[in-house]
Amino acid sequence: MGQDNGSTFTTQKRSSGGGSALPTTNGRAAGAAARTMIPRGRQIHKTFNNIKITILCGFVTILVLRGTIGIGNLSSSEADAVNQNLIEETNRVLAEIRSDKDPDDPADSTDEPQFLSLNDTYTLGPKIVGWDQQRKVWLSQNPEFPSSVNGKPRILLLTGSPPNPCDNPIGDHYLLKAVKNKIDYCRIHGIEIVYNMAHLDKELAGYWAKLPMIRRLMLSHPEVEWIWWMDSDAMFTDMVFEVPLSKYSNHNLVIHGYPDLLFEQKSWIALNTGSFLFRNCQWSLDLLDTWAPMGPKGPIREEAGKVLTANLKGRPAFEADDQSALIYLLLSQKEKWMDKVYVENQYYLHGYWLGLVERYEEMIEKYHPGLGDERWPFVTHFVGCKPCGSYGDYPVEQCLKSMERAFNFADNQVLKFYGFGHRGLLSPKIKRIANETATPLEYMDQVDIRRPVHGDESSGSSETKS
Amino acid sequence: MLERCLGQQRVRRIQRAVRHAKVTFLCLFMTVVVMRGMLGAGKFGTPAQDLDDLTTHFYASRKHAEPHRVLVEAQPENENENQSNDPKNYATFDFNKILKDEGGEDEKPDPNKPYTLGPKISDWDEQRGEWLKRNPNFPNFIRENKPRVLLVTGSSPKPCENPVGDHYLLKSIKNKIDYCRLHGIEIFYNMALLDAEMAGFWAKLPLIRKLLLSHPEVEFLWWMDSDAMFTDMAFELPWERYKDVNLVMHGWNEMVYDQKNWIGLNTGSFLLRNNQWALDLLDAWAPMGPKGKIRDEAGKILTRELKGRPVFEADDQSAMVYLLATQRDTWGNKVYLESGYYLHGYWGILVDKYEEMIENYHPGFGDHRWPLVTHFVGCKPCGKFGDYPVEKCLKQMDRAFNFGDNQVLQIYGFTHKSLASRRVKRVRNETGNPLEAKDDLGLMHPAFKAVKVSTSS
């Protein structure tokens, strides 16, 4: 107490309030003795003033700082909220597109869907008779739509996928690559493509959807001699090989399979309906009519599935699928159908991918396109991968890598014509394999895929697409 | 001590001055602190919550700049925890593990040499003529007045950034497959980047040149963007109109030659005849393309010279406008700017009118009554950023697709339930005599698909 303390008290307050040491405070400390001249009341008054100012300033500082950050909070949350709304809306749109809902579904779509009961008989359409004759008459009346072009019977390749986006985006990407692969093969060989994305018959959805479409195309296009169904997960891997149709002049259905597996073991994978050819004739229409009844979804398909599992070897229990149904049909009505069915295994009209894709490098080294068999498979079929769904039967990485390899393996055969090739079977980038010249047609003559196959025949190519 | 030096009055004045100075400094300091607080208080060790708030504030304000364009895959991280170990689950798979950029470097172009698409060819017409003579089985005209056409389109070999982008590419190629099947046109779907210099919209130039030189049997090459769809399946191009021209694009003469408007023509859908003139045109078109400094500089020139062009790197369309406008004498007489029908139809003015068109008109017009092509310029469904809101683009693409698909389905007696619906319904009953059924548009066996009737089958 006393003036000395008072003065020290004052100086301490000063320095804390000021924040930086002002030279005068030290001076003040030194000249503390001189302080005794100023009355104490005024000193205290001054002190309090200083304290007030200090506290006020400090308070305002904190307020303003807090206020700034606080306001920052408000404004950022506003922008955030707006942005969040937009992102949510975008995601809602994407989810809507990817869902199965359709704007035209009836309002009471939550009801149980109507299934055919076990007593109903299902038909693909009105019974057609005398189709062969009808077709012949039509062809003679319409010579500008012949069933053979340049000596080759007209083929129509049918493939398809569901109308909504895949459960995962990679599925759509591989559907796109698979369709490019088919476009390439069919352009080289003069085959027309129909890519189906519509469920023509809601009863026969899923793998059965091909049946109504095959029938519909046969009846609408009498100029087409063969309809070739190919799954969306199958890819052409031999761009040169052609289906030897002359071998099948006495047959109406060409399908890949093994006769011993079919007749002796009654295996459910004895044949593969992922890639097969149907001749456009009455026999085929009859077969389709006989094949379809196991298809309608609901109790019919379930019951049929049980029958198939009971009768076919190795078949797991699930609803009836078209492949098992066809095998069962051909086995149980062998005498009626089998003489016109060609079970082909000389080349890979369907090639099960496991066991093939690892060997591509070996094939490139040892063999060449045009063989179509295990040395250079015609078709590589990714059974079980199901890239369009959420889960496959095999690890995803293995499936996707293999599909990419198969695609690039085939694409190399196309790009070679243009003097390019992929840098590796997993690489999307390409490298030049032939230099550009001022006379490009000379190089082309050497590598043209189309000409060695067609050029020998007297009437030559199938380039005319009509 | 000071008092002794200066006198008491003066000391008191000095003291007052000092007090004022202190207050001033205090206020100044407070101002500085507050301003630092507004701009960068995070560095000052403010409470952690404030720090977090601030960082979120800044991040959000950056995102706020492009609200309409962000397309984000809805991948709720927490949902996938229990699935992340399943190797058979597609949802949790990272696609980047698949593609491997193997061996070899990009071809390094010689910086001293100007860019060329390839070795100069001067006698292409002769080379091609000889080849056609040697190969009578690959005629360049399928019938009289029906040239052999190759439709060229393409997309990236990598999956789209937008999760539904590949689905729309698939629908788009199906649409093209349908039109080309009905009209006897072949398709080339490109997924390879032939020349790394000419990436982006310029990638079509090396591709077109390569295809022209590799397919001498092709008379016309029809380039079509992947975001363009056919909406008139019955319209056959008027080939006789083009028998004396080499390049057909949608556009207007006044807008290109007089106004030099950068959208006076559209290079999203055009026809190019396979001859020497076309090779020369490609060589004249290409120089603005090589990426990097050349493309940027060219972009500036184009923005300056063309009407209405925004500032961005050179694109092939602007370069074509510039080329035609400045070298009309060289090229103009062989270029046909078609505006009689929608060889390219800007989607913005067409898609809302589909129902009206269905009511009042029928396929086969190709023009404003029933457009041949609806081109979704600016939508960019494959990428993450487009110029239009996502919902509008994708929904309208669905409508355009269904509008075109209806014309194909009606051949077989079906149609979509509505332009927005994926489901189809039957409109013509099946009969026991299918060959008597005729589709309304005559597309089942159209005249433009008929084969030339010859004596040998």
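A brief look at the structure comes next. Since the structure is predicted, the reported quantities are computational estimates derived from the model, not experimental observations.

Overview of the packing of aromatic side chains
Residue and element names in this part refer to chain B.
Phase 1 of the analysis: Enumeration according to the criterion identifies 38 aromatic pairs over all chains in this entry.
Phase 2 of the analysis: Taking the centre distance of 5.6 Å and the plane angle of 35° together, the rings of Phe-220 and Trp-239 count as tilted. Here Phe-220 is found in strand 5 (residues 220–224), whereas its partner Trp-239 is found in the loop between strand 6 (228–230) and strand 7 (247–251), with 19 residues between them in sequence. Each member of the pair, Phe-220 as well as Trp-239, carries the same accessibility label: buried.

Brief notes about the state of the cysteines
Residue and element names in this part refer to chain A.
Phase 1 of the analysis: Within this structure, the stated rule accounts for 4 disulfides over all chains.
Phase 2 of the analysis: A sulfur-sulfur distance of 2.0 Å marks the disulfide that ties Cys-166 to Cys-388. Between Cys-166 and Cys-388, the disulfide has an S-S torsion of -95° and is therefore left-handed. Placement of the pair is Cys-166 in the loop between strand 3 (155–160) and helix 5 (169–189) and Cys-388 in the loop between strand 10 (379–381) and helix 13 (396–415), with a sequence separation of 222 residues.
Phase 3 of the analysis: According to the relative accessible area criterion, Cys-166 is buried, its value standing at 2%.
Phase 4 of the analysis: Cys-388 sits in the partly exposed class, given a relative accessible area of 23%.
Phase 5 of the analysis: Shown here is the disulfide that connects Cys-385 with Cys-399, its sulfur atoms set 1.8 Å apart. The S-S bond linking Cys-385 to Cys-399 shows a torsion near -95°; that makes this disulfide left-handed.

Focus: the packing of helix 14 (residues 440–447) of chain A against helix 4 (residues 124–134) of chain B
Phase 1 of the analysis: It is at 10 Å that the axes of helix 14 of chain A and helix 4 of chain B come closest, and there the two elements cross at 30°. The angle between the axes of helix 14 of chain A and helix 4 of chain B places the two elements in the roughly parallel class. Each of A:Pro440, A:Leu441, A:Met444 and A:Asp445 in helix 14 of chain A lies in contact with helix 4 of chain B, whose residues at this interface are B:Trp124, B:Gln127, B:Arg128, B:Trp131 and B:Arg134.
Phase 2 of the analysis: Taken together, the residues that form the contact of helix 14 of chain A with helix 4 of chain B break down as 5 nonpolar, 1 polar and 3 charged.

Brief notes about a positive patch on the surface
Phase 1 of the analysis: Side chains of A:Arg42, B:Arg10, B:Arg12, B:Arg13 and B:Arg16 sit close together on the surface and give a patch of like positive charge.
Phase 2 of the analysis: Ranked by residues supplied to the positive patch, first place goes to helix 2 (residues 8–40) of chain B with 4 residues.
Phase 3 of the analysis: Turning to its location among the elements, B:Arg12 is positioned in helix 2.
Phase 4 of the analysis: The exposure class assigned to B:Arg12 is partly exposed, which follows from its relative accessible area of 41%.

Section: the nonpolar core
Nonpolar side chains in soluble globular proteins generally cluster together in the buried interior.
Phase 1 of the analysis: One finds A:Trp228, A:Phe278, A:Trp291, A:Phe378, A:Leu400, B:Trp222 and B:Leu272 to be the most contacted residues of the largest nonpolar core, which totals 236 residues.
Phase 2 of the analysis: At 10 residues, the largest contribution of residues to this core is made by helix 13 of chain A.

Quick look at the environment of B:Met255
Phase 1 of the analysis: Of note, B:Met255 is situated in helix 7 (residues 253–258).
Phase 2 of the analysis: Look past the residues within four positions of B:Met255 in its chain and what remains in contact with it is B:Lys260, B:Asn261, B:Ile263 and B:Gly264.

Points about the packing of helix 9 (residues 299–311) of chain A against helix 10 (residues 322–332) of chain A
The geometry of a pair of packed helices is captured by two quantities: the angle between their axes and the separation between those axes.
Residue and element names in this part refer to chain A.
Phase 1 of the analysis: Where helix 9 meets helix 10, the closest approach of the two axes is 10 Å, and the angle between their N-to-C directions is 60°. As the angle between them shows, helix 9 and helix 10 are arranged oblique. When the axes of helix 9 and helix 10 are compared, the crossing they make is left-handed. Here Val-307, Leu-308 and Asn-311 of helix 9 lie close against helix 10, whose contacting residues are Ser-324, Ala-325 and Tyr-328.
Phase 2 of the analysis: Looking at the contact of helix 9 with helix 10, its residues break down into 4 nonpolar, 2 polar and no charged.

Remarks on the sheet that holds strand 9 (residues 335–338) of chain B
The strands that make up a sheet pair up through hydrogen bonds in the backbone, lying either parallel or antiparallel.
Residues and elements named next belong to chain B.
Phase 1 of the analysis: The sheet built from 6 strands is open, its strands ordered 4-3-5-8-7-9 with mixed pairing. Both outer strands of the open sheet, strand 4 (186–190) and strand 9, are each paired with one neighbouring strand and no more. The mean inter-strand angle of the sheet, taken between neighbouring strand axes irrespective of direction, is 25°.
Phase 2 of the analysis: Direction of pairing for strand 3 (residues 149–154) relative to strand 4: parallel, over a ladder of 5 bridges.

Digging into the pairing of strand 8 (residues 265–273) of chain B
Residue and element names in this part refer to chain B.
Phase 1 of the analysis: Most of strand 8 sits out of view: 9 of its 9 residues are buried.
Phase 2 of the analysis: Pairing of strand 5 with strand 8 involves 5 bridges; the strand directions are antiparallel. When the bridges of strand 8 are listed, Leu-221 appears paired with Leu-272.
Phase 3 of the analysis: By the bridge criterion, 5 bridges tie strand 7 to strand 8 in an arrangement that is antiparallel. Bridge assignment links Leu-247 to a residue of strand 8, and that residue is Leu-272.

Some remarks on unusual backbone geometry
Residues and elements named next belong to chain A.
Phase 1 of the analysis: One non-glycine residue, Lys-266, lies in positive phi territory at about 50°.
Phase 2 of the analysis: Note on placement: Lys-266 falls in the loop between helix 7 (259–264) and strand 8 (271–279).
Phase 3 of the analysis: Even without glycine at this site, Lys-386 takes up a positive phi of about 45°.
Phase 4 of the analysis: As for its position among the elements, Lys-386 is in the loop between strand 10 and helix 13.

The rules we used
Residues numbered from 1 in each chain as written. Chains lettered and ligands numbered in written order. Predicted model: local features only at pLDDT ≥ 70, side-chain atom pairs only at ≥ 80, totals over all residues. Heavy atoms only, no water. Phe/Tyr/Trp six-rings, centres within 6.5 Å; stacked < 30°, edge-to-face > 60°. Helix = DSSP H or I, 4+ residues; strand = E, 2+ residues; numbered from the N terminus. Buried < 20%, exposed > 50% of the residue type's maximum accessible area, 1.4 Å probe, protein only. Disulfide = S-S within 2.5 Å. Axes fitted to C-alpha atoms, helices over the stretch in contact; angles between N-to-C directions. Parallel < 35°, antiparallel > 145°, perpendicular 65-115°, else oblique. Contact = heavy atoms within 4.5 Å. Nonpolar A, V, L, I, M, F, W, Y, C, P; charged D, E, K, R; others polar. Patch = residues over 30% accessible without salt bridge, like charges linked within 9 Å, V, L, I, M, F, W, Y side chains within 5 Å. Areas by Shrake-Rupley, 256 points an atom, 1.4 Å probe, with all protein chains shown as cover. Salt bridge = Lys/Arg side-chain N within 4 Å of Asp/Glu carboxyl O. Lys, Arg positive; Asp, Glu negative; His and termini not counted. Charge placed at Lys NZ, Arg CZ, Asp CG, Glu CD. Core = buried A, V, L, I, M, F, W, Y, C linked by side-chain atoms within 4.5 Å. Left-handed = near helix turned anticlockwise from the far one by under 90°. Pairing = 2+ DSSP bridges.

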